[in-house]
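Now for the letters of each chain:
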Amino acid sequence: GGNNAGHTVVVDGKEYDFHLFPSGIINPKAISFIGNGVVIHLPGLFEEAEKNEKKGLKDWEKRLVISDRAHLVFDFHQAVDGLQEVQRQAQEGKNIGTTKKGIGPTYSSKAARTGLRICDLLSDFDEFSSRFKNLAQQYKSMFPTLEIDIEGQLKKLKGYAEKIRPMVRDGVYFMYEALHGSPKKILVEGANAALLDIDFGTYPFVTSSNCTVGGVCTGLGVPPQHVGDVYGVVKAYTTRVGIGAFPTEQINEIGDLLQSRGHEWGVTTGRKRRCGWLDLVSLKYAHMINGFTALALTKLDILDVLDEVKIGIAYKLGGKRIPYFPANQDILQKVEVEYETMPGWKTDTTGARKWEDLPPKAQNYIRCVENHLGVPVKWVGVGKSRESMVQLF
C-alpha cells in the first residue's frame, strides 16, 4: 500500500500517526525498511516526518531504509484519483470510496509498465524527467481538466531525491543480508486487511496491493521458507470504512455504541467506520489465505457494557449454509448471518493484565472464537496503550 492506510501508535502516553513510516520507527534500536511493494508519495513522507518530529520523533532518517524498487506516487496520481472517484459517482451512482491518495492510479501505472521508481529518480535525472513528462501527458489526454505543473513538480522531486539518497538501498540485497547475516528479529507489518486485498478482498471495494501474507514475498523479496509465525490481528467486533457489503453490520444503537466507544474513525480520512458483530466467516476466510499461527484479539473492552454479545458463525443463502466466502458483491449483500448469542460480561476489563483478570463470560467469548476458528488467541487487547494487553501464552 501507500499513505492511504493509517496506524495510530501510542507509546508512553504519546500518540503517533503513521502512514508511510513503519510503526517500528519509534524504536531507536530498530531499523525500519520500506519495501518495493510500497508506493511512496515523497511530499507525504516528509510531511509525516515533520508531524511526528513535533511529537518527539528523533533521528528517523538514520533508521529508515527505502527500497530502490519502490514505485513513486506523483501529485498528478493523487489528482487523477479524485477525478476517477467523481467519474465513478457520475457514471455508476457510486464510487469506491478511495482515500484519494493516488494509490490506485500509481499501481495502475506500475501494472501498465509506465510507472517510475525510486531508482529512476536517483539515476539520470534527464531520463527521469522525460519519462515523467510522458506519463503526465498520458494522464492529461485521459483527463482534459487535469492541470499539471510539470516543471514545478520536477524541481521539487529533484530536491526530494537528494534528501532521500542516503536512505535508499537495493532492497532485495538488504533483506537477504538481514536474513542471512547475524541473527535478527524481523517483523513484517502490512497495511490494510485481508478483505481489502486486490486478489482476495471484496472487489471492487479493495485497495490495489496484496495485503495478505503473500505480500511478504512480493513486497519485500523474502522467500516463503523464511516466513515464520503469522499473526492475525482482529477486533472483538467487525468494522469497515467506505462502501461494500458488510453482512454483520448493525445499523442501530449497537452499531452506534461500537462506533462511539471504539472511536471508529479512519486515521487517514476521518470517515466514520461502519460497525457490527464479529464476523467469523470472513475471519475464517482470512485464515484460509494467511494461515494464522495465532491471533491478537483487540478492543475487547469496547464490548464491556453490552447485555449480550453475538458472533456471526455462518452465512446462509436461500436458507442453506454455505461453506465459502462469496466472491460476488451482489451475493454477499444477500447472505443471511447465523449468530451465536452469549451473555455480556458487564464488567470493566481495561485493567486486566492476565487471563484470570478477565471475567468468565469474556473468557467464554474468546474461547468461542478460538473453537470456531481452530486458531489460538495469543493476545487480548483491552485498551490502546501498550500495557493494555493480556498475553495468554
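Residues numbered from 1 in each chain as written. Predicted model: local features only at pLDDT ≥ 70, side-chain atom pairs only at ≥ 80, totals over all residues. Heavy atoms only, no water.

## Describing the overall build of the chain
To keep things clear, this is the line we draw: Secondary structure is summarised from DSSP: a helix means a run of H or I of at least four residues, a strand means a run of E of at least two, and numbering begins at the N terminus for each. In this setup the radius of gyration rests on C-alpha atoms only. A globule is expected at 2.2 Å times the number of residues raised to 0.38. For this analysis, residues touch if any pair of their heavy atoms sits within 4.5 Å. For the accessible areas, the method is Shrake-Rupley and the probe is 1.4 Å, while residue cover comes only from the protein chains on display. Only four residue types enter the charge count: Lys and Arg as positive, Asp and Glu as negative, with His and the chain ends excluded. The atom standing in for a charge is NZ when the residue is Lys, CZ when it is Arg, CG when it is Asp and CD when it is Glu.
Counting secondary structure elements, the chain contains 13 helices and 17 strands. Over its C-alpha trace the chain gives a radius of gyration of 22 Å, about what one expects of a compact globule, namely 21 Å for 393 residues. The principal-axis extent of the C-alpha atoms belonging to the chain is close to 65 × 55 × 40 Å. Expressed as a percentage of contacts within the chain between residues at least 6 apart in sequence, the contacts between residues at least 24 apart total 70%. Carbon together with sulfur atoms contributes 52% to the accessible area of the chain, which is approximately 19700 Å² in total. In the chain, 49 positive and 46 negative side-chain charges are present, and the distance between their average locations comes to 1 Å.

## Quick notes on the sheet that holds strand 7 (residues 168-169)
Note on sheets: strands pair through backbone hydrogen bonds, and any given pair is parallel or antiparallel. Applied cut-off: In this description, strands pair whenever DSSP reports at least two bridges between them.
The parallel open sheet is built from three strands, whose spatial order is 3-5-7. The open sheet has two edge strands with one neighbour each: strand 3 (32-34) and strand 7.

## Focus on the environment of Ala-191
Here Ala-191 is to be found in the loop between helix 8 (171-180) and helix 9 (214-220). When sequence neighbours within four positions are dropped, the list of residues in contact with Ala-191 reads Ala-5, His-7 and Cys-211.

## Digging into helix 10 (residues 253-261)
Our working definition: Between buried and exposed lies partly exposed: a residue is buried under 20% and exposed over 50% of the maximum accessible area for its type, with that area taken using a 1.4 Å probe on protein chains only. The directions from the helix axis to the C-beta atoms form the arc being described. We call two N or O atoms a polar contact when they sit within 3.5 Å, provided that within protein one can donate a hydrogen and the other can accept it, with sequence-adjacent residues counted only if both atoms are side-chain atoms.
Among the residues making up helix 10, those that are buried are Gly-255, Leu-258 and Gln-259. For helix 10, the buried positions fall inside an angular range of 100° around the axis, keeping them on one side. Exposed and facing more than 90 degrees away from the buried side of helix 10 are Glu-253 and Asp-256. Those residues of helix 10 hidden inside the fold are in contact with strand 10 (274-276). One side-chain oxygen at the N-terminal end of helix 10 lies 3.0 Å from the backbone nitrogen of Ile-254; it belongs to Asn-252.

## Here we look at the packing of aromatic side chains
As a reminder, the rule being used: Only rings of Phe, Tyr and Trp enter the pairing, Trp through its six-membered ring, and a pair is recorded when the two centres are within 6.5 Å. The plane angle decides the type: under 30 degrees is stacked, over 60 is edge-to-face, the rest tilted. Think of it as a cone above the ring: NZ of Lys or CZ of Arg counts as a charge over the ring if it is within 6 Å of the ring centre and within 35 degrees of the ring normal.
One pass over the structure, following the stated rule, counts 17 aromatic pairs. Seen from their ring centres, Phe-21 and Trp-60 are 5.2 Å apart, and the 45° between their planes marks the pair as tilted. In this pair, Phe-21 sits in the loop between strand 2 (14-18) and strand 3 while Trp-60 sits in helix 2 (residues 60-63), placing the two residues 39 residues apart along the sequence. An identical accessibility class is assigned to Phe-21 and Trp-60; each is buried. One aromatic cluster in this structure is built from Tyr-16, Phe-18, Phe-21, Phe-46, Trp-60 and Tyr-160. Above the ring of Trp-355, the side-chain terminus of Arg-367 is found at 4.2 Å from the ring centroid.

## As for the UniProt feature "active site" (unreviewed entry) in the chain
Defined as follows: UniProt positions are given in the numbering used here, feature names are shortened, and annotations may be inferred rather than shown by experiment.
On the UniProt side, "active site" (unreviewed entry) is annotated at positions that read Lys-110 here. Along the chain, Lys-110 turns up in helix 4 (residues 103-111).

## Structural notes on the nonpolar core
The criterion, for reference: Note on terminology: a nonpolar core comprises buried Ala, Val, Leu, Ile, Met, Phe, Trp, Tyr and Cys residues joined through side-chain atoms within 4.5 Å.
With 44 residues, the main nonpolar core has Ile-66 and Phe-128 as its most contacted residues. Mapped by element, the contributors of at least two residues to this core are strand 1 (7-11), strand 2, helix 1 (42-54), strand 5 (64-67), helix 3 (75-92), helix 5 (118-122), helix 6 (125-142) and helix 7 (150-164). Setting aside anything within four residues of it in sequence, one finds Phe-128 in contact with Leu-72, Phe-74, Leu-116, Asp-120, Leu-121, Leu-154 and Leu-157. Among the nonpolar cores identified, the runner-up in size contains 38 residues, and Ala-236, Leu-283, Ala-352 and Ile-366 belong to it.

## Points about the pattern of salt bridges
Put simply, the rule reads: Only one rule defines a salt bridge in this text: a Lys or Arg side-chain nitrogen within 4 Å of an Asp or Glu carboxyl oxygen.
Applying the stated rule across the entire model yields 17 salt bridges. Close ionic contact of Glu-15 with Lys-384 constitutes a salt bridge, the shortest N to O distance being 3.0 Å. Of this pair, Glu-15 sits in strand 2 while Lys-384 sits in the loop between strand 16 (377-381) and strand 17 (389-391), and the two are 369 residues apart along the sequence. Classification of Glu-15 as partly exposed rests on a relative accessible area of 36%. In this structure, Glu-264 and Lys-299 form a salt bridge, with 2.8 Å as the shortest nitrogen-oxygen distance. Of this pair, Glu-264 sits in the loop between helix 10 and strand 10 while Lys-299 sits in the loop between strand 12 (294-298) and strand 13 (308-317), placing them 35 residues apart in sequence. Owing to a relative accessible area of 0%, Glu-264 belongs among the buried residues under this scheme.

## Remarks on helix 4
What sets the pattern is the α-helix's 3.6 residues per turn: residues three or four places apart point alike. Along helix 4, the residues that are buried comprise Ile-103, Pro-105, Thr-106, Tyr-107 and Ser-109. Residues of helix 4 that are buried in the fold lie against strand 4 (39-40), strand 6 (71-72), helix 3 and helix 6.

## A look at the packing of helix 3 against helix 6
What counts, and what does not: To get an axis, a line is fitted to the C-alpha atoms, and for a helix only the part in contact is used. The angle between two axes follows their N-to-C directions and goes from 0 to 180 degrees. To sort the angles, those under 35 degrees are grouped as roughly parallel, those over 145 as roughly antiparallel, those from 65 to 115 as roughly perpendicular, and the leftovers as oblique. Crossings are classed by handedness, with left-handed meaning an anticlockwise turn of the near helix from the far one by less than a right angle and right-handed meaning a clockwise turn. Each residue is assigned to one of three groups, with Ala, Val, Leu, Ile, Met, Phe, Trp, Tyr, Cys and Pro labelled nonpolar, Asp, Glu, Lys and Arg labelled charged, and all others, Gly among them, labelled polar.
Packing of helix 3 against helix 6 leaves a shortest axis separation of 11 Å and a crossing angle of 15°. Between helix 3 and helix 6, the crossing angle belongs to the class labelled roughly parallel. Relative to helix 6, helix 3 is oriented so that their crossing is left-handed. Packed against helix 3, whose contacting residues are Phe-76, His-77 and Val-80, the element helix 6 presents Phe-132, Leu-135, Ala-136 and Tyr-139 at the interface. Considered class by class, the residues forming the contact of helix 3 with helix 6 number six nonpolar, one polar and no charged.

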